[in-house]
Amino acid sequence: MADIKPFAAIRPCREKAPRIAALPYDVYNREEAKAEVLREPESFLRIDRAETQFEDSMDMYAPEVYQKAHDILWDMVAAGDFITEEKPCYYIYELTMDGRTQTGIAACAAIDDYLNGVIKKHENTREEKEQDRIRHVDVCDAQTGPIFLAYRSDDAVNTVVNRVKESVPEYDFTSPDGIGHRVWIIAGDADVQAIEEAFAGIGQIYIADGHHRAASAVRVGVKRRGQHPDYTGAEEFNYFLSVLFPDEELRIMDYNRVVRDLNGLSSEDFLDAMKKIFDVSLLKGMERKPDRKGTFTMYLDEKWYLCTIRPEDIPDDPVKGLDVSLLQNLLLTPVLGIEDPKVDARIDFVGGIRGMDELERRCHADAKAAFAMYPTSIQELFAVADAGLLMPPKSTWFEPKLRSGLFIHALH
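None of the values given here were measured: they were computed from a predicted structure.

A. Molecular detail of the sheet that holds strand E16 (residues 295–300). Across the sheet, six strands lie side by side as E15-E17-E16-E19-E14-E18; this open sheet has antiparallel pairing. Each having just a single partner strand, strand E15 (279–282) and strand E18 (347–351) make up the two edges of the open sheet. When strand polarity is set aside, the average angle formed by the axes of neighbouring strands in this sheet is 25 degrees. Strand direction decides the pairing type here: E15 and strand E17 (residues 303–308), joined by four bridges, are antiparallel. What sits directly across from Leu 282, in E17, is Tyr 305. Against the sheet, helix H12 (residues 355–365) touches strand E14 (255–259), E16, E17, E18 and strand E19 (369–373), its axis set at about 160 degrees to E19.

B. Seen up close, the packing of helix H7 (residues 155–164) against helix H8 (residues 189–200). The contact between H7 and H8 brings their axes to 8 Å, and the two run at 150 degrees. In terms of orientation, H7 lies roughly antiparallel with respect to H8. The way H7 lies across H8 gives a crossing that is left-handed. On H8, the residues that touch Ala 156, Val 157, Val 160, Arg 163 and Val 164 of H7 are Asp 191, Ala 194, Ile 195, Ala 198 and Phe 199. When grouped by side-chain class, the residues that make up the contact of H7 with H8 number eight nonpolar, no polar and two charged.

C. Structural context of unusual backbone geometry. Omega for the bond connecting Glu 399 with Pro 400 falls within 30 degrees of zero, at -5 degrees, which places this linkage in the cis form. Mapped onto the secondary structure, Pro 400 falls in the loop between strand E20 (397–398) and strand E21 (409–410). We note that Asn 263 has phi near 60 degrees; this positive angle belongs to a residue other than glycine. On the secondary structure map, Asn 263 appears in the loop between E14 and helix H10 (267–277). The class of Asn 263 is partly exposed, set by a relative accessible area of 39%. Positive phi is not limited to glycine here, since Glu 302 has a value of about 70 degrees.

D. Representation of the packing of aromatic side chains in the model. As enumerated under the stated definition, the model contains 13 aromatic pairs in all. Residues Phe 148 and Phe 245 carry aromatic rings whose centres are separated by 4.9 Å and whose planes lie at 45 degrees to one another, so their mutual orientation is tilted. In this pair, Phe 148 sits in strand E8 (residues 147–151) while Phe 245 sits in strand E12 (residues 239–246), placing the two residues 97 residues apart along the sequence. You can call Phe 148 buried: its relative accessible area is 3%. Exposure remark for Phe 245: the relative accessible area of 0% places this residue in the buried category. Aromatic ring contacts, followed pair by pair, group Phe 7, Tyr 91, Tyr 93 and Phe 407 into a single cluster.

E. Local environment of helix H11 (residues 323–332). Across the 10 residues that make up H11, a large majority, eight, are buried. Residues of H11 that are buried include every one of Asp 323, Val 324, Ser 325, Leu 326, Leu 327, Gln 328, Leu 331 and Leu 332, and no others. Residues of H11 that are buried sit in contact with E14, H10, E16, E18 and E19.

F. Representation of the environment of Leu 332 in the model. With respect to the helices and strands, Leu 332 occurs in helix H11. Judged by its relative accessible area of 1%, Leu 332 falls in the buried class. For the pair Leu 332 and Asp 272, spaced 60 residues apart in sequence, the C-alpha to C-alpha distance is 15 Å. When neighbours within four sequence positions are excluded, Leu 332 is seen to be in contact with Val 259, Leu 327, Gly 337, Ile 338, Ile 347 and Phe 371.

G. Seen up close, the side chain of Asp 344. Structurally, Asp 344 can be placed in the loop between H11 and E18. The side chain of Asp 344 is buried and forms no salt bridge, while Arg 346, the nearest opposite charge, is found at 4.1 Å. With residues near it in sequence (within four places) discarded, Asp 344 still touches Gly 337, Ile 338 and Glu 339.

H. Just the packing of helix H6 (residues 127–140) against helix H9 (residues 211–227), in detail. Running from N to C, H6 and H9 cross one another at 55 degrees; their axes reach a closest spacing of 8 Å. It follows that H6 is oblique to H9 by the angle criterion. Classified by chirality, the crossing of H9 by H6 is right-handed. Residues Glu 127, Lys 129, Glu 130, Gln 131, Arg 133, Ile 134, Val 137 and Asp 138 of H6 touch H9, and the partners they reach there are His 212, Ala 215, Ser 216, Arg 219, Val 220, Lys 223 and Arg 224.

Rules of the game
Throughout this document, residue positions are counted from 1 along each chain, in the order its sequence is written. The predicted nature of this model means local features are confined to residues of pLDDT at least 70 and side-chain atom pairs, given and counted, to a pLDDT of 80 or more, with totals for whole chains, interfaces and linings taken over all residues. Processing note: side-chain calculations cover all non-hydrogen atoms of the structure and skip hydrogens and water entirely. Strands qualify as paired when DSSP identifies two bridges or more between them. In DSSP terms, a helix is any run of H or I states spanning at least four residues, a strand is any run of E spanning at least two, and both are numbered starting from the N terminus. An axis is simply a line fitted to the C-alpha atoms; with a helix, the fit covers only the stretch in contact. Between two such axes, the angle follows the N-to-C directions and lies from 0 to 180 degrees. Contact definition: two residues touch when any of their heavy atoms are within 4.5 Å. Roughly parallel means an angle under 35 degrees; roughly antiparallel, over 145; roughly perpendicular, 65 to 115; everything else is oblique. Should the near helix be turned counterclockwise from the far one by less than a right angle, the crossing is left-handed, whereas a clockwise turn marks it as right-handed. For this classification, the nonpolar set comprises Ala, Val, Leu, Ile, Met, Phe, Trp, Tyr, Cys and Pro, the charged set comprises Asp, Glu, Lys and Arg, and every other residue, Gly included, is treated as polar. A simple rule labels every residue: compare its accessible area, found with a 1.4 Å probe on the protein chains alone, to the largest value its type can have, and call it buried under 20%, exposed over 50%, or partly exposed in between. Between the rings of Phe, Tyr and Trp (Trp by its six-membered ring), a pair exists once the centres lie within 6.5 Å; its type follows the angle of the planes, with under 30 degrees stacked, over 60 edge-to-face, and the other angles tilted. None of His or the chain ends enter the tally, which takes Lys and Arg as positive and Asp and Glu as negative. Salt bridge, as used here, is a side-chain nitrogen of Lys or Arg placed within 4 Å of a carboxyl oxygen of Asp or Glu.

Right, dumping it as structure tokens:
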């Protein structure tokens, strides 16, 4: 059963929240992060990506960078830019994008639930990416970016959330990218108890986004346990910052592929090979996106094609039956020779938020063909995680992204 507990958040004072709240650290490259901090000097990105405070010649993983993140964070707390909640609470975090709303609970999840499989993952992590966030969390003595968790919707949680949302929110603002953000505080003892008990009855929680942040937070917690052999399990380092969303409210966007060449084939020969594997037809209308599972669209030589995977080629396996797996196993590996998409420079991935125009642009710039995928569903994600399996890389793209800086979980 899940141990999802309230916590005394360190959070921005109300008037500062719109300026401090920032997109996750890993959606920016170094140049983009620096430009964003120049645009908004109070952005939390200057803590999440503290190399922005140094000359470009500074190693972004130098000890001074992590120490700078620590100093800025705690200086802002001391200056009153952040306040510390007086008692442990849950927080409702609502995001609205293109008129569609999803509502989560900001809370702390137990590292033991991650270690024992109550919190399930569907992606592998890379050691070098973990090490960066391990140092950031450890030196800052705080978790600053929430892990995006999902769970099967629960009536008891929904009842409390819907009632509290009838009150005036603590934060209510629209970020520069047009996403609406509203936050309410769940502070009443009865409501806090109801939420905690409801999650205690939920057997599986799933990492939707933030696998590296989760793995790093857990490793810092395990390290702190080693430093405090008399730990009781109640210490803050035994928990990590999360926002948990019910499955029915989540939207997964497509994660598309572009390839730089056709492995020595002409366009005609490649299209012939495609037709031997899939049912392929030329798209003549304006619609370029696939509209159902088992299909994808392809952009090649200024034309869009609808490609349908044949039913007999779809295995009854939660991973091998994913559309992204079928594209990889039926086409990208045997025809284009792309064996490992994690490392092959001939393939690139384009998040669905960028749209079909970006796929066409890439084919005019540095790619030969593009493949637009039908989004992986949250039920497919749950099935893969429940089976103890892992998805192929770049299978899911979640929008909108959770903001960093709205909730901070101190480890002391």
